[in-house]
Amino acid sequence: QVQLVESGGGLVQPGGSLRLSCATSGFTFTSYYMRWYRQAPGKERELVAGITTSGSTTYANSVKGRFTISRDNAKNTLYLQMNSLKPEDTAVYYCNVIVRRVSWGQGTQVTVSS
């Protein structure tokens, strides 16, 4: 079964950085497009970034230039490096993959506050 486990969230001050990880299993990681989503309280879940099997990346305008999505195919792990964090980045961050059906991780909380 597809399993996605996010980690790395926490509390940081505005301007700080975090690196989120998504450990995956149950599918051939190298063969699938991977995504990071986030959901803030009272808001819809939104796509943050995506990465192709070959490493090409796409970002939401709100995070472009600050966040970097990457993948380590040898470790079956997806990453999201978040720099210059803003309070509006506060959300639960989820990794996502579609293997016949959409699969979601449990999410990891990111809180940006002074």
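Because the structure is a prediction, the values reported are computed rather than measured.

Caption draft 1: Spotlight on the nonpolar core. Ranked by size, the top nonpolar core spans 29 residues in total, and within it W36, L78, L80, M82 and Y93 carry the most contacts. No other element matches the five residues that strand 9 (residues 91-99) contributes to this core. Once residues within four sequence positions are removed from consideration, M82 is found in contact with G16, S17, L18, L20, R66, F67, Y93 and V110.

Caption draft 2: Quick peek at the state of the cysteines. The final tally for this structure, using the stated rule, is one disulfide. Covalently, C22 is tied to C95 through a disulfide, its sulfur atoms 2.0 Å apart. Because the torsion about its S-S bond is 55 degrees, the bridge between C22 and C95 counts as right-handed. With C22 in strand 3 (residues 18-25) and C95 in strand 9, the pair connects residues that are 73 residues apart, well separated along the chain. Judged by its relative accessible area of 0%, C22 falls in the buried class.

Caption draft 3: Representation of a nonpolar patch on the surface. Residues I98, V102 and W104 make up a contiguous nonpolar surface patch of roughly 250 Å² in combined accessible area. With respect to the secondary-structure elements, I98 resides in strand 9. In this structure I98 comes out as partly exposed when scored by relative accessible area, which is 42%.

Analysis parameters
For every chain, the first residue of its written sequence is number 1, and the numbers climb from 1 along that sequence. Restriction of local features to residues with pLDDT of at least 70 applies here, the model being predicted, together with a cutoff of 80 or more for giving and counting side-chain atom pairs; totals for whole chains, interfaces and linings are based on all residues. In computing side-chain values, all of the structure's heavy atoms are included and hydrogens and water are not. The term nonpolar core refers to a set of buried residues drawn from Ala, Val, Leu, Ile, Met, Phe, Trp, Tyr and Cys, joined through side-chain atoms within 4.5 Å. Burial classes: relative accessible area under 20% of the type maximum marks a residue as buried, over 50% as exposed, and values in between as partly exposed (1.4 Å probe, protein chains only). Secondary structure elements follow DSSP: runs of H or I of four or more residues count as helices, runs of E of two or more count as strands, with numbering from the N terminus. Contact between two residues is taken to exist if any of their heavy atoms lie within 4.5 Å; hydrogens are not considered. Note on disulfides: each one is a pair of cysteine sulfur atoms within 2.5 Å. Only residues whose relative accessible area exceeds 30% and that form no salt bridge are eligible for patches; like-charged ones are grouped when within 9 Å, while nonpolar side chains (Val, Leu, Ile, Met, Phe, Trp, Tyr) are grouped when within 5 Å. Reported accessibility uses the Shrake-Rupley method at a 1.4 Å probe radius. Residues are deemed covered only where the shown protein chains occlude them. Salt bridge, as used here: a side-chain nitrogen of Lys or Arg that lies within 4 Å of a carboxyl oxygen of Asp or Glu.

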